[in-house]
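# A closer look at the structure
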Amino acid sequence: MNQCFSRFSALMALLLFTPACSGWLRAEGGFTTSTTLAKGRQGGSVGLEAAVGGRHDPVIMDVALRGKVTEGAGDASLFLGALHIHRPEPVGFYVLGGVNFLQLGSADGDVSFGMFSPAAEAGLVIGFTDKKKVNGVPVEPPDMLTIGTRIEYDLRFTSQPHEGFWTVNLGYAIGVAP
């Protein structure tokens, strides 16, 4: 598993630092709560995300593994979506939309399963401003901080009701904005 992750990371880094590509590798975490603010539905969320596309593509493909844990519910999900990053000079923004393609977890003490749950996220991207020149060409630094908010609606195919969640997160990304 470690070897697979190392190879995946190396491949993504190679793609991101090629002049023809843009995207990011991002780790994020934050606070999540049910949109109804129900008792026992406040907790934490974490995610690992990869997005890659052409250097001048306004929208690029995004894949993420995310998890959320509260007292009464929790799940792990595979997210598939599209990302737009507005170049951070030094502050930009990002917009992300898609679906939690597959969700496995628990809600109210029972196993839950869901698919195609819609999710959207928006936030700020803060880039580091120490641009460097390589052979006279400006090179943007690959480090970015993100501050965002995500709304998602968990569609469950088990006995538990569907449920909305709202998350506020902080992330660290390496990559190149289109």
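Look up a bit, the structure's there.
What comes next is a walk through the structure. (Residues numbered from 1 in each chain as written. Predicted model: local features only at pLDDT ≥ 70, side-chain atom pairs only at ≥ 80, totals over all residues. Heavy atoms only, no water.)

## Here's the deal with the pattern of salt bridges
- By the definition in use, this model includes 15 salt bridges.
- One salt bridge in this structure joins Arg66 and Glu49, with 3.6 Å as the shortest N-O distance. With Arg66 in strand E3 (residues 60–70) and Glu49 in strand E2 (residues 42–54), the pair connects residues that are 17 residues apart, well separated along the chain. Considered together, Arg66 and Glu49 belong to a single accessibility category, that of buried residues.
- Asp154 serves as the salt-bridge partner of Lys68, at 3.1 Å between the closest nitrogen and oxygen. Here Lys68 is found in strand E3, whereas its partner Asp154 is found in strand E9 (residues 143–154), with 86 residues between them in sequence. Each member of the pair, Lys68 as well as Asp154, carries the same accessibility label: buried. (Salt bridge = Lys/Arg side-chain N within 4 Å of Asp/Glu carboxyl O. Helix = DSSP H or I, 4+ residues; strand = E, 2+ residues; numbered from the N terminus. Buried < 20%, exposed > 50% of the residue type's maximum accessible area, 1.4 Å probe, protein only.)

## A short note on the environment of Leu124
- By the secondary structure assignment, Leu124 is in strand E6 (residues 110–127).
- Taking C-alpha positions, Leu124 is 5.8 Å from Gly92, a pair spaced 32 residues apart along the chain.

## Quick word on the nonpolar core
- Among the nonpolar cores identified, the biggest contains 14 residues, and Trp24, Leu83, Ile85 and Val125 are the most heavily contacted of them.
- Sorting elements by how many residues they give to this core places strand E4 (residues 73–85) first, with 3 residues.
- Dropping the residues within four chain positions of it, Val125 is found in contact with Trp24, Ile85, Pro88, Pro90, Val91, Gly92, Phe93, Tyr94, Met144, Leu145 and Thr146. (Core = buried A, V, L, I, M, F, W, Y, C linked by side-chain atoms within 4.5 Å. Contact = heavy atoms within 4.5 Å.)

## A short note on a nonpolar patch on the surface
- Together, Val91, Phe93, Val95, Leu124, Ile126, Phe128, Leu145, Ile147, Leu170 and Tyr172 make up a nonpolar patch on the protein surface, roughly 840 Å² of accessible area in all.
- Put simply, the parts of the chain that give the nonpolar patch at least two residues each are strand E5 (91–107), E6, E9 and strand E10 (163–176).
- Sort the elements by how many residues they give to the nonpolar patch and E5 lands first, with 3 residues.
- The residue Ile147 is located in strand E9 in this model. (Patch = residues over 30% accessible without salt bridge, like charges linked within 9 Å, V, L, I, M, F, W, Y side chains within 5 Å. Areas by Shrake-Rupley, 256 points an atom, 1.4 Å probe, with all protein chains shown as cover.)

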